[in-house]
Amino acid sequence: MIDPASIESLKQSIDIVDVIGNYLELKKAGANYKCNCPFHREKTPSFNVSPAKQIYHCFGCGVGGDAIKFVMEYEKLSYPEAIEKLAAMYNFSLRYTKGSGDYGEAKRVLELLQQWYVGNLDRAPEAMEYLRSRGISQASIEAFGIGYVPDGREVLAFLRSRQIPMPKALEAGVVAQGERGDLYARLNRRITFPIYSPAGAIVGFGGRTLGDHPAKYINSPQTRLFNKSRLLYGYHRAKEEIYRRKEIIVCEGYLDVIMLHQAGFHTAVATLGTALTAEHLPLLGKGEPRVILAYDGDSAGVAAALKAARLLSAHGFEGRVVLFPQGKDPADMVQSGEREELERLLGEGTELIPFVLEKIAGSYDLGNPRQKEQAFAEMKSFLNQLSPIVRESVIPQAAHLLQALPALFGQRRDERPMQRHFDQKREDPAWQAILRTMMENEGLIDEVLDIVSPEMAGEYRELFEALLAGNRDHPGLQGLAIDERVRPLDDEAFRSTLLAQLERFYRLRLRELTQDRSLPYQKKSYLIRKIKSDILPRLKRGEWIPYASDSTL
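Residues numbered from 1 in each chain as written. Predicted model: local features only at pLDDT ≥ 70, side-chain atom pairs only at ≥ 80, totals over all residues. Heavy atoms only, no water.

Student: Tell me about the overall build of the protein chain, residues and numbers included.
Tutor: The secondary structure content of the protein chain amounts to 25 helices and 16 strands. The principal-axis extent of the C-alpha atoms belonging to the protein chain is close to 95 × 70 × 50 Å. For the protein chain, buried positions account for 46% of its 553 residues. Of all intrachain contacts in the protein chain linking residues separated by at least 6 positions in sequence, the fraction that spans at least 24 positions is 64%. For the protein chain, the accessible area works out to roughly 28300 Å², and carbon and sulfur atoms hold 49% of it. Averaged over its 73 positive side-chain charges, the protein chain has a centre that lies 3 Å from the centre of its 73 negative ones. (Helix = DSSP H or I, 4+ residues; strand = E, 2+ residues; numbered from the N terminus. Buried < 20%, exposed > 50% of the residue type's maximum accessible area, 1.4 Å probe, protein only. Contact = heavy atoms within 4.5 Å. Areas by Shrake-Rupley, 256 points an atom, 1.4 Å probe, with all protein chains shown as cover. Lys, Arg positive; Asp, Glu negative; His and termini not counted. Charge placed at Lys NZ, Arg CZ, Asp CG, Glu CD.)

Student: Please set out the side chain of Ser197 residue by residue, giving values where relevant.
Tutor: With respect to the secondary-structure elements, Ser197 resides in the loop between strand S9 (190–196) and strand S10 (202–209). The exposure class assigned to Ser197 is buried, which follows from its relative accessible area of 6%. Excluding residues within four positions of it along the chain, Ser197 makes contact with Glu81, Val203, Leu231 and His236.

Student: Can you lay out the nonpolar core for me, pointing to particular residues and giving the numbers?
Tutor: One recurring pattern in soluble globular proteins is that nonpolar side chains are buried together. In terms of nonpolar packing, the biggest core is built from 66 residues, with Leu113, Ile146, Leu159, Val174, Ile191, Tyr233 and Leu346 touching the most fellow members. The element contributing the most residues to this core is helix H5 (residues 101–121), with eight residues. Setting aside residues up to four positions removed in sequence, Ile146 forms contacts with Val118, Leu121, Leu131, Ile136, Ile141, Ile191, Thr192, Phe193, Pro194 and Ile258. (Core = buried A, V, L, I, M, F, W, Y, C linked by side-chain atoms within 4.5 Å.)

Student: Which residues make up the environment of Tyr130, and what values go with them?
Tutor: By secondary structure assignment, the location of Tyr130 is in helix H6 (residues 125–133). Taking the C-alpha atoms as reference points, Tyr130 and Ile191, 61 residues apart in sequence, are found 9.3 Å from one another. Setting aside anything within four residues of it in sequence, one finds Tyr130 in contact with Ile191, Arg208, Leu210, Tyr217 and Leu255.

Student: Go over the sheet that holds strand S12 (residues 247–251) with me, naming the residues and quoting the values.
Tutor: Taken together, the five strands give an open sheet; going across it, the order is S13-S12-S14-S15-S16, and neighbouring strands pair in mixed fashion. Only two strands of the sheet have a single neighbouring strand rather than two, namely strand S13 (268–270) and strand S16 (350–351). With three bridges joining them, S12 and S13 adopt parallel strand pairing. Paired with Ile249 across the bridge in S13 is Ala268. (Pairing = 2+ DSSP bridges.)

Student: Kindly report on the environment of Phe382, identifying the contributing residues and their values.
Tutor: Relative to the helices and strands, Phe382 resides in helix H17 (residues 369–383). Sequence spacing of Phe382 and Ile68 is 314 residues, and the spatial spacing of their C-alpha atoms is 39 Å.

Student: Report on the side chain of Asp151, specifying residues and quantitative values.
Tutor: Structurally, the position occupied by Asp151 is in the loop between strand S6 (147–149) and helix H8 (152–161). Given a relative accessible area of 14%, Asp151 falls into the buried group. Residue contacts for Asp151: discarding those within four places in its chain leaves Asn188 and Arg189.

Student: Before we move on, can you summarise the packing of helix H3 (residues 67–75) against helix H4 (residues 79–89) with the specific residues and values?
Tutor: Axis separation between H3 and H4 bottoms out at 9 Å; the angle between their running directions is 105 degrees. With respect to their mutual orientation, H3 and H4 come out roughly perpendicular. Seen from H3, the contacting residues are Ala67, Ile68, Val71, Met72 and Glu75; seen from H4, they are Tyr79, Ala82, Ile83, Lys85 and Leu86. Residues belonging to the contact of H3 with H4 are distributed by class as follows: eight nonpolar, no polar and two charged. (Axes fitted to C-alpha atoms, helices over the stretch in contact; angles between N-to-C directions. Parallel < 35°, antiparallel > 145°, perpendicular 65-115°, else oblique. Nonpolar A, V, L, I, M, F, W, Y, C, P; charged D, E, K, R; others polar.)

Student: I'd love a proper account of the sheet that holds strand S11 (residues 217–219), names of residues and values included.
Tutor: If you trace the four strands from one edge of the open sheet to the other, you get S6-S9-S10-S11, paired in antiparallel fashion. Each edge of the open sheet is held by one strand with a lone partner, namely S6 and S11. On average, adjacent strands in this sheet sit at an angle of 35 degrees to one another, irrespective of strand direction. In this structure, S10 lies alongside S11, joined through three bridges in antiparallel fashion.

Student: Lay out a negative patch on the surface with the relevant residues and their values.
Tutor: A cluster of acidic residues, Glu447, Asp490, Asp491 and Glu492, forms a negative patch at the surface. Mapped onto the secondary structure, Asp491 falls in helix H24 (residues 491–515). On the basis of relative accessible area, Asp491 is assigned to the exposed category, the value being 60%. (Patch = residues over 30% accessible without salt bridge, like charges linked within 9 Å, V, L, I, M, F, W, Y side chains within 5 Å. Salt bridge = Lys/Arg side-chain N within 4 Å of Asp/Glu carboxyl O.)

Student: I'd like to hear about the packing of helix H16 (residues 352–362) against helix H18 (residues 388–402), residue by residue, with values.
Tutor: Relative orientation and spacing of two packed helices are given, respectively, by the angle between their axes and the distance between those axes. One can describe the packing of H16 onto H18 by two numbers: an axis separation of 10 Å at closest approach and a directional angle of 30 degrees. As judged from the angle between their axes, H16 and H18 are roughly parallel. Considering how the two elements wind past one another, H16 and H18 form a crossing that is right-handed. Here H16 contributes Ile353, Pro354, Leu357, Glu358 and Ala361 to the contact with H18, which in turn contributes Val390, Val394, Gln397, Ala398, Leu401 and Leu402. Residues that form the contact of H16 with H18 fall into these classes: nine nonpolar, one polar and one charged. (Left-handed = near helix turned anticlockwise from the far one by under 90°.)

The values reported here are purely geometric and, on their own, carry no functional implication.
Set out below in structure tokens:
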């Protein structure tokens, strides 16, 4: 583990404007700096960086945090990885506590083997011949670190020559233990493809056999470093272009990724011998790109595309499906010089939701009433996973495909609650100023605890509760802290503003009581008199009064 005191020292030695300025072009705006937010699409800059507070906040999408949080989000790194990245940027020496050596040792094993595998490739003519036959250039071989692993006994000999303990090699996933306890190399006479984390740290290997082994491709096993369901091959090379273009191409194999990059499609990645799963989604969603599923057009590819499109649609992703015809795949098309055709295919395709609807409809005999009913049930189940607005917009297409009435897919939802929700989203400068003042003067929090209930803050209830809980890292509070439009109030203005909000709350409560038919008459009359004759007059006189709920009035 990294020593917490070392992390604090690093925080004190870095400046957030300098850190973010390494990634984005910041422009001075008053006491802060501004630019377009890198985490969502926008035309008007709403991404603010405060040198005084050492935090950033986007008023468009709500993201915020300190310099470490920014590097984590922008670079797609874990917390320790972001700390180490910043330390390297600023030539800062981190201190580590005991217990961190195992993790680092596994990384060292993988890095040493990668160097050895790369060096072996030039001495493996059969491997080089295969790579050339697939059209892979020398530049791509070097860029992706392609190598070769010889006989497994040579692997064990290499590990011993570097004095690597076998338990560490076992933990790194490069050797395995047989039934009789003997150790053997997992990769044997294979072309190797190093697999990296989003941060660019090597975490495992893929291997392609050159013989008649039944498993053409194999990957490293699950380890502390390697989880194939959370990794995408090539992502560490593609991430900057993914963020820039707001697009990610997901294909099926190592060679597809390498050849697509070789042809200039630098947003290509691939799953690691597994279907796209929910565990991939956090990584896939970084930067909010449109997802292009570029799969083979055979039955297996269509099934994988359908499963992935269902998953992505249900989680709000946008994108399309591209199926390659006549048994071709992206690697084949690049090799045969069909780049323009490949570009056309990737630019077209079918949007995710229409693709799912069409495949569902096409998998049943709609002339058979029973099968049509089954198609309807499956289609409705899929539509129910979508957001209400999206669902309603695609019901006409679903109805057309099944030749059914749109009404069968469900009644239109009541839009009034949604309208009320949007109405409540208006900014309230008074509560913004109250919260900002309490953030600047924490002594006021104790003073108003008995006077103000979180529900009185209305749309700002969550921020009020976060402030009471001491959660200064809440993105909304961080936004208020650097919003130059919101100024702290002096004592007199704070008191008068808060009293005005309390009066507003009780007047609104009075209006609700007069229209409430659920309360007994006597209870209702008492509450109305209490607010009219006691609470409001005292507030008018400038008195602090304890919060009064219906149960305490």
